[in-house]
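Overview (structure and organization)
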Amino acid sequence: MYQALYRKYRPQTFDDVYGQTNIVNTLKNAIINNKLSHAYLFCGPRGTGKTSVAKIIARTINCENLVDATPCNKCVNCTQNTTDIIEIDAASNNGVDEIRELKNKISLVPTYGKYKIYIIDEVHMLTISAFNALLKTLEEPPNHIIFILATTDPEKVPPTIISRCQRFDFKRITIDAILNRLKQICKEENIEIEDNALYEIARISDGGLRDAVNLLDQAYSYTDGKITINEIHELNGTLTSYEIEEFFKYYLDNDLVTILNKITDYNNIGKNLVKLAQEFMVFLRNTVIYIKAPNYLEENNIDTKPYISISQSLGADKILMLINELNKTINDMKISQNPKLIFELLFIKNVGNKNISQEVNSGKNATNQANVIKEEENFEKANILGNNDNTNISQVKEKKLEASKQPSNLEENAIYNSENVVENNYTNGISQELKNQRIENTLAKFSKSKLLEIKNNISQVKPLLINNKYSQYVSLLLDGSIRAASDNNLLFMYEINSDAQLFNNNTQILEEIIEKSLGNNYKLIAVNLNEWNKIKDEFNSHTKAYVYKEEEIEKKVEKKDSVEELFENIIEYR
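Residues numbered from 1 in each chain as written. Predicted model: local features only at pLDDT ≥ 70, side-chain atom pairs only at ≥ 80, totals over all residues. Heavy atoms only, no water.

Observations concerning the overall build of the protein chain
The condition is simple: Segments assigned H or I by DSSP are reported as helices when at least four residues long, segments assigned E as strands when at least two residues long, and all are numbered from the N terminus. Throughout, exposure labels follow a simple rule: accessible area from a 1.4 Å probe, protein chains only, divided by the maximum for the residue type, with under 20% read as buried, over 50% as exposed, and the rest as partly exposed. Whether two residues are in contact is decided by their heavy atoms: any pair within 4.5 Å suffices. Surface accessibility follows the Shrake-Rupley procedure with a 1.4 Å probe radius. Residue values consider only the protein chains on display as shielding.
Regarding its fold elements, the protein chain presents 28 helices and eight strands. Classification of the 574 residues of the protein chain by burial places 48% in the buried group. In the protein chain, 77% of the contacts between residues at least 6 apart in sequence involve partners at least 24 apart. Counting every atom, the protein chain has about 30000 Å² of accessible surface; 45% of that belongs to carbon and sulfur.

As for the environment of Glu531
Mapping Glu531 onto the fold places it in helix H27 (residues 529-541). Under the relative-accessibility criterion, Glu531 is labelled partly exposed at 28%. Residues Glu531 and Met493, spaced 38 residues apart in sequence, show a C-alpha to C-alpha distance of 8.7 Å.

A closer look at unusual backbone geometry
With a phi angle near 55°, Asn190 is a residue other than glycine that sits in the positive phi range. Residue position: Asn190 is located in the loop between helix H8 (175-189) and helix H9 (195-204). On the basis of relative accessibility, which here comes to 65%, the residue Asn190 falls in the exposed class. Phi angles above zero are rare outside glycine, and Asn254 is one such case at about 55°. Mapped onto the elements of the fold, Asn254 is located in the loop between helix H12 (241-252) and helix H13 (256-268).

Brief notes about the packing of H12 against H13
What counts is decided by this rule: Axis definition: a line fitted to C-alpha atoms, over the contacting stretch in the case of helices. Angles run 0 to 180 degrees between N-to-C directions. Note on terminology: angles under 35 degrees are roughly parallel, angles over 145 are roughly antiparallel, angles of 65 to 115 are roughly perpendicular, and the others are oblique. The nonpolar class holds Ala, Val, Leu, Ile, Met, Phe, Trp, Tyr, Cys and Pro. Asp, Glu, Lys and Arg form the charged class, and all remaining residues, Gly among them, are polar.
Remark: H12 packs on H13, axes separated minimally by 9 Å, with the N-to-C direction vectors making an angle of 150°. Classified by the interaxial angle, the pair formed by H12 and H13 is roughly antiparallel. Two secondary-structure elements touch here, H12 through Glu246, Phe247, Tyr250 and Tyr251 and H13 through Thr258, Ile259, Lys262, Ile263 and Tyr266. Of the residues in the contact of H12 with H13, the class split is six nonpolar, one polar and two charged.

Comments concerning the nonpolar core
This is how it is decided: Definition of nonpolar core: a set of buried residues of the types Ala, Val, Leu, Ile, Met, Phe, Trp, Tyr and Cys, connected through side-chain atoms within 4.5 Å.
Formed by 60 residues in total, the largest nonpolar core has its most connected members in Leu216, Phe280, Phe343 and Phe347. At 10 residues, the largest contribution of residues to this core is made by helix H14 (residues 273-292). If sequence neighbours within four positions are ignored, Leu216 has contacts with Leu182, Ile185, Cys186, Ile191, Ile193, Ile201 and Ile227.

Quick notes on the sheet that holds strand S4 (residues 145-151)
To keep it simple, the criterion reads: At least two bridges found by DSSP between two strands are what make those strands a pair.
Pairing in this open sheet of five strands is parallel, and the strands run S2-S3-S4-S1-S5 from one edge to the other. On the outer flanks of this sheet lie strand S2 (85-89) and strand S5 (166-169), each paired with one strand and no other. Strand-to-strand twist across the sheet, computed as the mean angle between neighbouring axes with direction ignored, equals 15°. Judged from the five bridges that link them, strand S1 (residues 39-43) and S4 form a sheet pairing that is parallel. Counted as the bridge partner of Tyr40 is Ile148 from S4.

Observations regarding the environment of His233
We count it as follows: Counted as a polar contact is a pair of N or O atoms within 3.5 Å, where, for protein atoms, one must be capable of donating a hydrogen and the other of accepting one, and residues adjacent in sequence contribute only when both atoms are in side chains.
In this structure, His233 sits in helix H11 (residues 229-236). Taking C-alpha positions, His233 is 8.9 Å from Ala197, a pair spaced 36 residues apart along the chain. Discounting residues that sit within four places of it in the chain, His233 has contacts with Glu200, Thr238, Leu239, Thr240 and Lys271. A polar contact is formed between the side chain of His233 and the side chain of Glu200, at a distance of 3.4 Å.

Regarding the pattern of salt bridges
Spelled out, the test is: We count a salt bridge whenever a side-chain nitrogen from Lys or Arg sits within 4 Å of a carboxyl oxygen from Asp or Glu.
Counted under the stated rule, the structure contains 20 salt bridges. Between Arg167 and Asp169 there is a salt bridge; the shortest N-O distance is 3.1 Å. On the basis of relative accessible area, Arg167 is assigned to the partly exposed category, the value being 37%. Residue Glu512 pairs with Lys469 through a salt bridge whose shortest N-O separation is 3.4 Å. Of this pair, Glu512 sits in helix H26 (residues 507-518) while Lys469 sits in the loop between helix H23 (448-457) and helix H24 (471-479); the two residues are 43 residues apart in sequence, bridging distant segments of the chain.

Topic: the packing of aromatic side chains
The cut-off we apply is this: Aromatic rings from Phe, Tyr and Trp, with only the six-membered ring used for Trp, were paired whenever their centres fell within 6.5 Å, and each pair was classed as stacked if the ring planes differed by under 30 degrees, edge-to-face if by over 60, and tilted otherwise. Here, over-ring charges are defined by two tests on the NZ atom of lysine or the CZ atom of arginine: distance to the ring centre within 6 Å, and angle to the ring normal within 35 degrees.
Enumeration according to the criterion identifies 20 aromatic pairs in this entry. Pairing Phe247 with Phe248 gives two aromatic rings, centres 6.0 Å apart and planes at 80°, and the pair type is edge-to-face. You can call Phe248 buried: its relative accessible area is 2%. The interplanar angle of 35° and the centroid separation of 5.0 Å between the aromatic rings of Phe492 and Phe503 together place this pair among those described as tilted. Here Phe492 is found in strand S7 (residues 489-494), whereas its partner Phe503 is found in helix H25 (residues 497-504), with 11 residues between them in sequence. Taken together, the aromatic side chains of Phe247, Phe248, Tyr251, Tyr266, Phe280, Phe283, Tyr307, Phe343 and Phe347 make up a single cluster linked through ring pairs. Directly above the aromatic system of Tyr548 lies the positively charged group of Lys445, at a separation of 4.1 Å from the ring centroid.

Concerning the confidence of the model for the protein chain
The criterion, for reference: Residue-level confidence of the predictor, termed pLDDT, takes values from 0 up to 100.
Overall, the prediction assigns the protein chain a mean pLDDT of 79, with 82% of residues at 70 or greater. Confidence drops under a pLDDT of 50 for residues 354-383, and excluding neighbours within four residues, the segment shows 68 contacts in the predicted structure. Here residues 555-574 scores under 50 on pLDDT; set against residues more than four positions off or in separate chains, the count is 37 contacts.

Some thoughts on the environment of Asn254
Given the relative accessible area of 32%, Asn254 is considered partly exposed. Taking the C-alpha atoms as reference, Asn254 lies 5.2 Å from Val351; in sequence the two are 97 residues apart.

Regarding the pairing of strand S6 (residues 481-485)
With respect to burial, S6 is a largely interior element, five of its five residues being buried. Where S6 and S7 come together, four bridges link them in antiparallel fashion. Pairing of Ile482 across the sheet is with Phe492, part of S7. Counting the residues between successive antiparallel strands, the hairpin from S6 to S7 contains three residues.

A short note on the sheet that holds strand S8 (residues 523-528)
Taken in spatial order, the three strands make up an open sheet running S6-S7-S8, and their pairing is mixed. Each having just a single partner strand, S6 and S8 make up the two edges of the open sheet. Averaged over all neighbouring strand pairs, the angle between strand axes comes to 30°, with direction disregarded. Two strands pair when backbone bridges link them, and S7 and S8 are joined in this way by six bridges, in the parallel orientation. Paired with Met493 across the two strands is Val527, which belongs to S8. Sheet strands in contact with H25 are S7 and S8, and its direction is about 165° off that of S8.

This is the structure:
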């Protein structure tokens, strides 16, 4: 019968353990100097050697011909599974009755060796009652008893248990250590594999040697010839760096149709979309490193070619923003019953977005732009609207705006002016008089609890991203920052004035979106960063009295003329 590689090459002695040098040395010295503890707690990620080391300790301390903490592998205790080593799976034996049965048997002396060793795996799965039943026995066991507890989640183990054990934290095994072990196994088993495929197995395993050996075993069974990196990605449900590069090129081209088709294809062939999104994050992380510290990738033997074109088109700041969005999306995908929809919404929101297009066009100049200091929102302090000094923020924002106006190579061929493009059927939606009144009404009945409520619930507009009627307006809403709220009014802030103007020209449909998503009818208004700083200072200094007044001014709605209605958003003014 075929034996799985991870079982065949499981460590048999301390010298066979990879990547846990400090723990191994400490335990060997304890055995040599006869300073064994009555209880150990092994913590760490899966596949890092916790149970293997526990078994090695059990065999070693009962070996009849022990030499410098190395068992002879010839005596009864070394060659047979004796009754002196008791393994308990706490996941399936987690009740108080099982622990009481254990307590009744520990008084029995060992059959062959000097010690009776109890190995309790996944100990965090025990119930509170079971832990309580174990407490006294764990603190003062008979001299011939040693407990070794192993867990991947030490936070769930009661402090009273931890304090009675010597704790060892097993770390994730380094890529180099995993590579060395895999190369050794490949040599023993005559497995032909490409070097980059071997490295990819070590990287994908995320510090778990058992996972790495399992994936190697699976790849060995999957192919008859030499194992390639493409086969590793097929088995793992991920993509190569070049395939991810191709995907992001569609992103840069605003080709949403192809992106959605790609995601559907990945889902249909069984790829894990959560794992795929995590690989996208790794790709973008490497792209940022290529921009800021390219030598790091070369020193770690990472192919830099897939990151060249993306790094030239997107600046580091934009990539970091995408990484943050991906991270939030991954968390949502993990708890969603339809992770494909969540993944699609990320790109529906971003692809074709005006602001993204502008940043792509200026991507080659991104490294020359000033670092922007983002305004911190702090409603916990005495001043309700924040009390930070934003003098420098305004200056930095102005510098960023000036830098963004500098023409790039793309802008030389096509001029894009968001203020002049006709976006929809509603223009001149808010007069200055009505704008001032809505600001006044929002602050007159400002509610901190309402502000926090809206901030927490604004993501409920996201499902409308797939609605052709609302998608671009939902993106506009999500790009803004909610800075003040009352029961009837919401105030949004945009860093760029053109975005605030675009918002105010479309309040009618934006209010419709808010009402559909949140169930309440709010009057909306938007201001730019400079306006917001002035409003905030006035509010916090109490130099102005705000009076609520019912709106009497109707919004003026002008339909597009026939030419604009035909050509819609493709009109450009030069």
